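In case you want the letters, here they are:
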Amino acid sequence: MEIVDKLLNHSRLALSKAITAVENEYDDAVKIMTEIYPHTGNAYVIGITGPPGAGKSTLTDKLAKEYRKRGKTVGIVAIDPTSPYSGGAILGDRIRMMDLTADEGIFVRSMATRGSLGGLSQKAGDAVKLMDAFGMDVIIVETVGVGQSEVDIVKTADTTMVVVIPGMGDDIQAIKAGILEIGDLFTINKADREGTDKLNIEIEMMLELNPEHVGWRPPINRTIASKGEGIEAVVDSIEAHKAYLIESGKLNDIRKARIKNEVTAMLNDHVNRYIDKNVIQTDEFDNLVVKMQSREIEPYSVVDDIVGKVLK
Ligand SMILES: Nc1nc2c(ncn2[C@@H]2O[C@H](COP(=O)(O)OP(=O)(O)OP(=O)(O)O)[C@@H](O)[C@H]2O)c(=O)[nH]1
Ligand SMILES: [Mg+2]
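Here the structure is a predicted model, which is why all the values come from computation and not from measurement.

Draft legend 1. The pairing of strand S4 (residues 138–144), seen in detail. Extensive coverage of S4 is indicated by the burial of seven of its seven residues. Covered by surrounding structure in S4 are Val138, Ile140, Glu142 and Val144 together with Ile139, Val141 and Thr143, the residues of both alternating faces. Across seven bridges, strand S1 (residues 44–50) lies against S4 in parallel orientation. Looking at the pairing, Ile48 lines up with Glu142 of S4. Pairing of strand S2 (residues 74–80) with S4, which is carried by five bridges, proceeds in the parallel orientation. Across the sheet, residue Gly75 finds its bridge partner in S4, namely Ile139.

Structure (structure tokens):
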């Protein structure tokens, strides 16, 4: 495909159009992804998550600049949840990351959830692959850690960084349950605020109680992203985690698991669509429902029958 050839030849316009095709499920999206796939698997993927307004975008911007200094090209996928948590996120991200786009070695793309998270994680994954095929060395995926789907997106990263801020009060309890355990590293941003030491201790205690990370102790860094302070140490930590994953062979496992998850999601999606179209949306199924309601038949054999037919 022409668009794929152009993308592989570093056309930013082609990359942008390809992501749009994936995002909007245009007819040629699957074909693009099929042709792109052999050219993926080279980029290092970093997931960044944390509560709304923690400074994730500011941090992403600064991390990207630091990677540029180290000679790496950077792709950024910013997931904007159009949730009540951060209404104007899209515009905000665009403005904060504007000065990045002048650099040819950086490509920023915001993806909106448009009210439904369905398929978003697949689309974000496809955007990552497109940037990967384009030749970006590092790809940063930013999502707000508010829902399962957002968390799922960053979980597929090679290195996952959780951003927290002091002064969240009891919020830390809620966050603890959800996103803290997925962090390979922690960044306390807004370290210019009161409560930074306390938060540091809280995270350390949590890591103590929850030693899920065998062989790797997640480092806790402090940053003031808005002033660009502490950024080098964060990149050093990411690179240390990468080195650990490579040496331990875990990077291989992570990427294998990612492919398995992706294909499982694709399969489920296909099967669901097939069943919806060919089973659920039929008069025959309506009739079955009426018979189940009057207890003429029961659902267990109905499901067995349908599965038997579908799998044939
Ligand atoms: N005081 C202080 N403010 C900061 C720091 N880093 C970022 N901010 C500010 O915090 C606000 C939110 O920053 P963002 O980078 O948009 O945060 P975010 O986590 O991407 O926000 P959402 O994507 O909307 O969840 C902005 O006004 C930043 O300027 C910091 O280290 N200290
Ligand atoms: Mg943001």
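What follows picks up the thread again.
Draft legend 2. Seen up close, the coordination of the magnesium ion (ligand 2). Distances from the magnesium ion (ligand 2) to its protein donors, Ser57 (OG) and Glu142 (OE), fall at 2.1 to 2.3 Å. Here Ser57 is found in helix H4 (residues 56–69), whereas its partner Glu142 is found in strand S4, with 85 residues between them in sequence. The class for Ser57 is buried, based on a relative accessible area of 6%. Assessed through its relative accessible area of 5%, Glu142 is described here as buried.

Draft legend 3. Broad picture of the pairing of strand S6 (residues 185–188). Burial along S6 is two-sided: the face carrying Leu185 and Thr187 and the face carrying Phe186 and Ile188 are both buried. Direction of pairing for strand S5 (residues 159–164) relative to S6: parallel, over a ladder of four bridges. By the bridge assignment, Met161 is partnered in S6 with Leu185.

Draft legend 4. Fine view of the sheet that holds S1. Taken together, seven strands build an open sheet; the order of strands is S3-S2-S4-S1-S5-S6-S7 and the sheet is parallel. Two strands bound the open sheet, and with one partner strand each, they are strand S3 (106–112) and strand S7 (220–222). For this sheet, the mean angle separating the axes of adjacent strands, direction not counted, is 20°. In this fold H4 packs onto S1, S2, S3, S4, S5 and S6, with an angle of close to 175° to the strand it touches most, S4.

What counts, and where the lines are drawn
- Residues numbered from 1 in each chain as written.
- Chains lettered and ligands numbered in written order.
- Predicted model: local features only at pLDDT ≥ 70, side-chain atom pairs only at ≥ 80, totals over all residues.
- Heavy atoms only, no water.
- Buried < 20%, exposed > 50% of the residue type's maximum accessible area, 1.4 Å probe, protein only.
- Helix = DSSP H or I, 4+ residues; strand = E, 2+ residues; numbered from the N terminus.
- Pairing = 2+ DSSP bridges.
- Donors = N, O, S within 2.8 Å, 3.2 Å for Na, K, Ca; no water.
- Axes fitted to C-alpha atoms, helices over the stretch in contact; angles between N-to-C directions.
- Contact = heavy atoms within 4.5 Å.

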